[in-house]
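A structural walkthrough
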Amino acid sequence: MSEPRRDDDPLGEALTDPAVWPAPLPPDRLRRAAERALADHLCERLRDREPARTGLAPREVLGALAAGAAAAGAAVWAALAALDGAFTGPEAPGQGSFPGLPGDLGLERVAGALGAWAEGLLSPDWSGSWGLAPASLPLWALTAAVALWALLPPLPSSERGSRR
Amino acid sequence: MALTAPDHPDAEAFLPLDPANARRFVETHAPMVAAQVARFGLPADVQEDVVQETLLRALRGLPGFRGDARLSTWVTTIARREAIRRRETLARQDRIGRSGAFGDDRPEPADPDAEAPPEAVARDERRRRVREALARLPDDLRLALGYFYFDRLGVAEIAQVMDSNPNTVKSWLKRGRDRLAAMLGPDGPEGDR
């Protein structure tokens with residue numbers, strides 16, 4: 001069956017006449033529909049690019065969770081270091097001293113553990129002193145992830161809609 | 001298959017889709033969409049919603065449009081799906097019949113008794129006869145004829161728009177023409193001129 005032809009007879013010619021087809025929307029209604037579509041489109045694009053007006057954007061929520069996890073991990077690590085006897089007091093070599101803190105309250109141990117943790121993080125030689133420094137690797141990774149999250153620019157907003 | 005007509009810009013002509021290009025896209029396609037949606041026999045307020053939704057969906061999808069079809073064909077497909085969706089919703093609400101009302105809200109032609117040139121009266125009469133015959137056609141036949149003769153889509157494009165195949169579209173076109181010819185009588189659209 002070949003492709004039909006247009007305009008080759010009176011009927012075909014009549015069917016190309018717009019007046020035989022239902023009238024489209026009048027210009028004012030068409031303009032209104034078009035303007036609404038444009039406005040909706042622009043609103044959607046703005047909504048895709050800006051955080052929600054109430055509450056945190058998903059990116060901020062994840063960043064806050066990651067930062068919270070890092071802080072909690074550091075606190076737990078320091079507490080465990082203080083309690084499990086890995087740290088033997090301010091007089092231990094390499095851990096520094098905290099002369100203002102009374103040793104029998106345990107505060108000095110905690111403060112010493114925190115200081116040692118920081119020292120372990122900053123030390124290029126993780127084999128030294130406590131043997132706990134490698135345990136800070138996850139914390140390093142988490143800290144780096146949070147930093148990247150905060151520093152990298154947002155990804156381009158993806159276009160929604162159907163793809164053919 | 002050459003799908004790009006010089007009178008219909010490619011998607012790239014509207015990218016990046018900044019506000020100015022989005023407006024240009026809407027201005028380019030809104031009249032075509034409105035004419036197509038009118039053929040579904042929807043009330044005017046619903047037609048307005050369908051045009052709006054069609055343009056919005058097209059704007060959403062335009063950056064991802066892969067160019068498998070002509071841009072205007074793609075927009076036509078969106079318009080048809082949206083019109084059918086709304087028509088089915090209205091049918092469920094008993095606002096229109098399932099096949100659409102295909103109402104004719106064109107203004108009445110000039111009063112024949114008024115001082116209109118005889119040629120204008122005869123032309124209006126021819127148009128009225130064709131319009132009424134079209135209104136009595138089943139949906140698929142009428143829509144296929146509209147896409148072919150009015151929107152000047154090819155058979156393959158109509159098949160794509162109507163989720164069918166080219167042979168079926170050719171059959172719709174032939175049956176539509178045959179039924180129109182039968183309704184219009186031996187004189188065709190010219191009537192008893």
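The structure we're discussing is the one just above.
The structure displayed is predicted, hence computed values, not measured ones. (Residues numbered from 1 in each chain as written. Chains lettered and ligands numbered in written order. Predicted model: local features only at pLDDT ≥ 70, side-chain atom pairs only at ≥ 80, totals over all residues. Heavy atoms only, no water.)

Digging into the packing of helix 2 (residues 27–49) of chain A against helix 2 (residues 44–61) of chain B
- Running from N to C, helix 2 of chain A and helix 2 of chain B point in directions that differ by 35°, and their axes come no closer than 8 Å. Both helix 2 of chain A and helix 2 of chain B take part in a crossing whose hand is right-handed. Where helix 2 of chain A approaches helix 2 of chain B, its residues Arg29(A), Leu30(A), Arg32(A), Ala33(A), Ala34(A), Arg36(A), Ala37(A), Leu38(A), Asp40(A), His41(A) and Glu44(A) are matched on the opposing element by Ala44(B), Asp45(B), Glu48(B), Val51(B), Gln52(B), Leu55(B), Leu56(B), Leu59(B) and Arg60(B).
- For the contact of helix 2 of chain A with helix 2 of chain B, the residue count by class is 10 nonpolar, two polar and eight charged. (Axes fitted to C-alpha atoms, helices over the stretch in contact; angles between N-to-C directions. Helix = DSSP H or I, 4+ residues; strand = E, 2+ residues; numbered from the N terminus. Left-handed = near helix turned anticlockwise from the far one by under 90°. Contact = heavy atoms within 4.5 Å. Nonpolar A, V, L, I, M, F, W, Y, C, P; charged D, E, K, R; others polar.)

Observations concerning the pattern of salt bridges
- Using the criterion set out here, one finds 22 salt bridges over all chains in the structure.
- A salt bridge links Arg57(B) to Glu82(B); the nearest nitrogen and oxygen atoms lie 3.3 Å apart. Separated by 25 residues along the polypeptide, Arg57(B) in helix 2 and Glu82(B) in helix 3 (residues 71–92) bring together distant segments of the chain.
- Its relative accessible area of 34% is what places Arg57(B) among the partly exposed residues.
- With relative accessibility at 3%, the residue Glu82(B) sits in the buried group.
- Via salt bridges that share partners, Arg29(A), Arg32(A), Arg36(A) and Glu48(B) belong to a single interconnected network. (Salt bridge = Lys/Arg side-chain N within 4 Å of Asp/Glu carboxyl O. Buried < 20%, exposed > 50% of the residue type's maximum accessible area, 1.4 Å probe, protein only.)

Focus on the interface of chain B and chain A
- At the interface, 58 residues of chain B touch 43 residues of chain A.
- Here chain B meets chain A over a buried area of about 4800 Å², counting both sides, of which 62% is carbon and sulfur.
- For the pair chain B and chain A, the interface holds seven salt bridges.
- For the pair chain B and chain A, the number of links is eight residue pairs in polar contact (both at pLDDT 80 or more).
- Listing elements by their share of the side of chain B that touches chain A, those giving two or more residues are helix 1 (19–38), helix 2, helix 3, helix 4 (118–135), helix 5 (139–150), helix 6 (155–161) and helix 7 (166–184) of chain B.
- Per-element accounting of the side of chain B that touches chain A gives the leading share, 11 residues, to helix 2 of chain B.
- Considered class by class, the residues forming the side of chain B that touches chain A number 32 nonpolar, 10 polar and 16 charged. (Buried area = accessible area lost by both parts, 1.4 Å probe. Polar contact = N/O pair within 3.5 Å; in protein donor to acceptor, adjacent residues only side chain to side chain.)

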